[in-house]
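# Inside the fold
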Amino acid sequence: MITDNYHIADQFSLLSKLMDIHGENSFKTKSYSIAAFTIEKLPEQLSTLPEDKIFAIKGIGNTIGKKIMEVLESGELPVLKEYIAKTPPGVIEMLNIKGLGPKKIATVWKEMEIESIGELVYACNENRLLLYKGFGEKTQNNIRETIEFYLRSQGSHLYAEIESYALSVDKKLKEYFSGNKFELAGEWRRQLEIINQLEWVTTADVAVLKTFFEKNNFTISAQDSGKIIFKGPENISLCFLISDDASFYSKLFQSSCSDEFREAWNKTFNEDGDGTYTSEEEIFLRKKIHFIAPCLREKASIIEKAKNGALPAVIQPGDIKAIIHSHSNWSDGSNTIEEMARACIEKGYEYLVISDHSKSAFYANGLNEERIREQHRYVDELNQRLSPFKIFKSIECDILNDGNLDYSDNILSTFDLVIASVHSNLKMNEEKAMMRLMRAIENPHTTILGHMTGRLLLSRPGYPVNHKKIIDACAANKVVIELNAHPRRLDIDWRWLDYALEKGILISIDPDAHTIDGYHDITYGVLVAQKSGLTPEKNLSSFNLKQMEAFLAEKKK
Ligand SMILES: [Zn+2]
Ligand SMILES: [Zn+2]
C-alpha cells in the first residue's frame, strides 16, 4: 500500500477539484486544496507520526485529520471514492488538460453536456465553446491545442492526425537509406481509421536502424529476431519488420492485411509467407487470382470474389462531385454561404448542399422557421448569381427524443433534402436509439441519415444500434446512409458498408464541413469507403448536378 505524503496529498487535491466541479461550497473545497499543499511540504512522512501529532499540524484540523487517518489505514479516501463514482471518467480526465480548471470543466460537463476529451475537441472545432460564459476564441484555441497534444500522447491516433508525420518519416527513411527497401505496411497501408503503430517492412540492417533512431532521440520499446519498435518524442510507435531482399514482397503482403484475410489466404494457397517474388502483383499472378488492393484485404470472402473476376474499381477522391452536409455561419459554421459556394466552385465541385442545424440545436444557433425562410430567399438570390453552380437548400434536422423531426411537415417540405441526425440525449439503450432512428428513417421527409451512431473515435462510443435493421429500413424507405467523413466520426462504420451495398443502398460521403478547410475531410471518408469496395455509382456525393436533381425529383414524388 502506498501511503506516502505525495499519495495522500494527491487524493486531497483531486477531492478538492472534484468538489469544485460539482459546485460544492468553495470554503470547504479550498480547505482540502490547502491540506494537499501542506501535506506535500511536510518534512516527515505522515505514516510515521502518532495520531495526536497529525491533528496538531497547522492547516490540518479535526475533519482533515480524520480523513488522513482513513487513508493511512485503508490506503484510500472514501469521500473521494464517492465523488469519483458520480463523475464520468472523461470529465475527471479533463483535469489533465492545462488551462481547464474545475470551474470551466463544470461548464463543459453540466452546460455543454460534454463528457469526454474527444467530444470537447470536436466541440472546439464546431465553435461551440464560444457560446458559453468564460470561453472566448483564444481560450477555445488553447483548449483545442492542449487536448490535441494530450491525445497524441496517449498512444492511439486518428489516421488523419498522424498522416503528415507518417509521410515525412517515410520520406526521410527512403532518402537516408536509399540503398534499402522501405515500404509502409500494417494499419496505415490498410487505411484503417485508427493507427496504433506505424509499420514498415525493410531490408535495412537492425544495427543501422538503431544508430539512426537513437541519434534522433528515439528509444527502443521492443525488439525480437525479426522486428524492432522505436518510440520518439511524438509518442508514436514505429515498428520495423526486417526482411531479406528475396522475401521482401512476401513480408510486405503478409503484413498488409487483417489476420482473418492472412489466415484464409495462407490456407487457400498453402503459403508460409516466405515466398520469393519481385512485386505484390506477382504474388497474385502466380496464384492465378485478381489483384486485391491492401485496403480491401480485410474479410476472407474477398479472396473468393477475386478468384471469380477482377474487383470493381473503388471510389477515388476525384470521384466526389459535390459537398453534401455543410454548415455556414447561419448556424455553427465559420464561413458565409457565399464563401462556401465559391470555395466549391474553385475546387471544381458542381453543387453545395447547405445543411445548417435545426432549431432544437440551440447550442449551435439552429435555425427557426423565420430564419429558414430568410436563408431560402438568400440561397435563391445566390443561385441566380452563381449559376450554373447550384446551392441546394437543406437542413441537418435533429431527430428529437421521440424520433420526430424538428419541424412541421410544411416546413420540412420546403427543403430540397433533409439530413436527419441525433445530437441530443446520446446516452440511450439500444431500444431507445432504435426507436428514434427507425421513426426518423420512416419519416417521408428524410433523405439522408446523418452520422448513424454518433460515435467520436477514440473518445466516445456510439449509442448502440442494430446496424442490420437500420440498413434494412433505409433500403425499404429509400433513405441514403451518410458516411460522415470527419476523421473522428467516419460513421457509418465501413465494416457495415458491404451489407448496405448488398441491400442496394446509396451511401453519401459527406464532410460535415464547418469551415471551407473542412472540405478536405472528404479524403478520409473516401479512404475508409474504399475498404468496403464502394464504387462512385453508389455514392450520392459522386452524382453530378443533373443526376442529383433527378434523384431529388424522384424522392419528392
Ligand atoms: Zn451532426
Ligand atoms: Zn453536421
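Let me sum up the structure you'll find in this document. Everything numeric in this text was worked out from a predicted model, so none of it was measured.

What counts, and at which threshold
- Per chain, the residues get numbers from 1 upward, laid out in the order the sequence is written.
- For this description, chains carry letters from A and ligands carry numbers from 1, given in the order in which they are written.
- For this predicted model, a pLDDT threshold of at least 70 governs which residues receive local features, and a threshold of 80 or more governs which side-chain atom pairs are given and counted, while totals over whole chains, interfaces and linings are taken from all residues.
- Each side-chain value is worked out from all heavy atoms of the structure, with water and hydrogens disregarded.
- The donor set comprises N, O and S atoms within 2.8 Å of the metal, extended to 3.2 Å for Na, K and Ca; water molecules are omitted, so apparent gaps in a site may simply reflect that omission.
- Secondary structure is summarised from DSSP: a helix means a run of H or I of at least four residues, a strand means a run of E of at least two, and numbering begins at the N terminus for each.
- Classification of ring pairs uses Phe, Tyr and Trp, with its six-membered ring standing for Trp, and accepts pairs whose centres are within 6.5 Å; under 30 degrees between planes counts as stacked, over 60 as edge-to-face, and the remaining range as tilted.
- Throughout this description, buried means an accessible area under 20% of the type-specific maximum (1.4 Å probe, protein chains only), exposed means over 50%, and partly exposed covers the range between.
- Under this scheme, a helix contributes an axis fitted over its contacting stretch, all axes are lines through C-alpha atoms, and angles between N-to-C directions fall in the 0 to 180 degree range.
- Just so you know how the angles are binned, under 35 degrees is roughly parallel, over 145 roughly antiparallel, 65 to 115 roughly perpendicular, and the rest oblique.
- Put simply, a crossing is left-handed when the front helix is turned counterclockwise from the back one by less than a right angle, and right-handed when it is turned clockwise.
- Note on definitions: a residue-residue contact is assigned when non-hydrogen atoms from the two residues lie within 4.5 Å.
- Note on residue categories: nonpolar means Ala, Val, Leu, Ile, Met, Phe, Trp, Tyr, Cys or Pro, charged means Asp, Glu, Lys or Arg, and polar means any other residue, Gly included.
- Tetrahedral means four donors with every angle between 85 and 135 degrees, whereas square planar (four donors) and octahedral (six donors) require angles over 155 degrees between opposite donors and between 65 and 115 for all others; sites fitting neither are termed irregular.
- Pairing between two strands requires that DSSP report at least two bridges joining them.
- Take a side-chain nitrogen of Lys or Arg and a carboxyl oxygen of Asp or Glu: if they are within 4 Å of each other, that pair is a salt bridge.

### Some thoughts on the coordination of the zinc ion (ligand 1)
Any two of four tetrahedral donors ideally make an angle of 109.5 degrees at the metal, while pairs among six octahedral donors ideally make 90 or 180 degrees. Coordination of the zinc ion (ligand 1) by the protein comes from Glu 396 (OE), His 423 (NE2) and His 451 (NE2), over a distance range of 2.1 to 2.2 Å. Taken in sequence order, the residues that donate to the zinc ion (ligand 1) follow the motif E-x26-H-x27-H. The distance between the zinc ion (ligand 1) and the zinc ion (ligand 2) comes to 3.3 Å, with Glu 396 serving as a donor to both metals. Separated by 55 residues along the polypeptide, Glu 396 in strand β10 (residues 390-398) and His 451 in the loop between β12 (448-449) and α21 (467-477) bring together distant segments of the chain.

### Details of the packing of aromatic side chains
We describe a pair of aromatic rings using the distance from one ring centre to the other and the angle between the two ring planes. Under the defined criterion, the tally for this structure stands at 28 aromatic pairs. Between Phe 213 and Phe 230, the aromatic rings sit 4.5 Å apart at their centres with planes inclined by 25°, giving stacked as the arrangement. Taken together, the residues Phe 213 in helix α12 (residues 206-215) and Phe 230 in strand β6 (residues 227-231) connect sequence positions 17 residues apart. The class of Phe 230 is buried, set by a relative accessible area of 0%. The interplanar angle of 45° and the centroid separation of 5.3 Å between the aromatic rings of Phe 213 and Phe 240 together place this pair among those described as tilted. Taken together, the residues span a long stretch of sequence, with Phe 213 in helix α12 and Phe 240 in strand β7 (residues 237-242) at a distance of 27 residues.

### Remarks on the packing of helix α8 (residues 117-125) against helix α9 (residues 137-152)
Two elements in contact, α8 and α9, have axes separated by 9 Å at closest approach and are oriented at 140°. Classified by the angle their axes make, α8 and α9 are oblique. Here α8 runs over α9; the crossing is left-handed. Contacts between α8 and α9 involve Ile 117, Leu 120, Val 121, Ala 123, Cys 124 and Asn 125 from the first element and Gln 140, Ile 143, Arg 144, Ile 147, Glu 148, Tyr 150 and Leu 151 from the second. Grouping the constituent residues of the contact of α8 with α9 by class yields nine nonpolar, two polar and two charged.

### Some points on the coordination of the zinc ion (ligand 2)
Around the zinc ion (ligand 2), the protein contributes the donor atoms His 325 (NE2), His 327 (NE2), Glu 396 (OE) and Asp 512 (OD), at 2.1 to 2.2 Å from the metal centre. For the zinc ion (ligand 2), the four donor atoms in the first shell make angles of 82 to 171° at the metal, so the coordination geometry reads as irregular. Counting along the primary sequence, the residues that act as donors to the zinc ion (ligand 2) give the motif H-x1-H-x68-E-x115-D. By relative accessible area, Glu 396 is classed as buried at 0%. Since its relative accessible area comes to 3%, Asp 512 is described here as buried.

### Let's talk about unusual backbone geometry
Here Ser 387 and Pro 388 are connected by a cis peptide whose omega angle stands at 10°. Relative to the helices and strands, Pro 388 resides in the loop between α18 (369-386) and β10. The phi dihedral of Asn 235 falls on the positive side, at around 60°, and the residue is not glycine. Phi at Asn 425 takes a positive value of approximately 45°, unusual for a residue other than glycine. For Asn 425, the position within the fold is in the loop between β11 (417-421) and α20 (430-442).

### Structural notes on the sheet that holds strand β9 (residues 351-357)
Sheet strands pair via backbone hydrogen bonds, and the direction of the pair is either parallel or antiparallel. Here we have seven strands laid out as an open sheet, ordered β8-β9-β10-β11-β12-β13-β14, and parallel in their pairing. In this open sheet, the two edge strands, each paired with only one partner strand, are β8 (322-326) and β14 (507-510). In the sheet, β9 pairs with β10 via seven bridges, with the strands oriented parallel. Directly across from His 357, in β10, lies its bridge partner Glu 396. Relative to β10, α18 is tilted by about 155°, and along the sheet it contacts β9 and β10.

### Looking at the pairing of β6
Alignment of strand β5 (residues 219-224) against β6, held across five bridges, turns out to be antiparallel. Bridge pairing links Asp 224 to Lys 227 in β6. In this antiparallel pair of consecutive strands, β5 and β6, the connection spans two residues. As paired strands, β6 and β7 are joined by five bridges and run antiparallel to one another. Looking across to β7, one finds that Lys 227 is bridged to Leu 241. Connecting the antiparallel pair β6 and β7 is a turn made up of five residues, with Asn 235 showing a positive phi of about 60°.

### Regarding the pattern of salt bridges
Tallying each qualifying case throughout the model produces 29 salt bridges. Between Glu 193 and Arg 495 there is a salt bridge; the shortest N-O distance is 2.7 Å. Here Glu 193 is found in the loop between α11 (186-189) and β3 (194-195), whereas its partner Arg 495 is found in the loop between β13 (480-484) and α22 (497-502), with 302 residues between them in sequence. Overall, the relative accessible area of 6% leaves Glu 193 in the buried class. Here Arg 495 falls in the partly exposed class, since its relative accessible area comes to 35%. The salt bridge partner of Glu 369 is Lys 359, with a shortest N-O separation of 2.7 Å. One end of the pair, Glu 369, is in helix α18; the other, Lys 359, is in the loop between β9 and α18, with 10 residues separating them in the sequence. Judged by relative accessible area, Glu 369 falls into the partly exposed class, the value being 23%.

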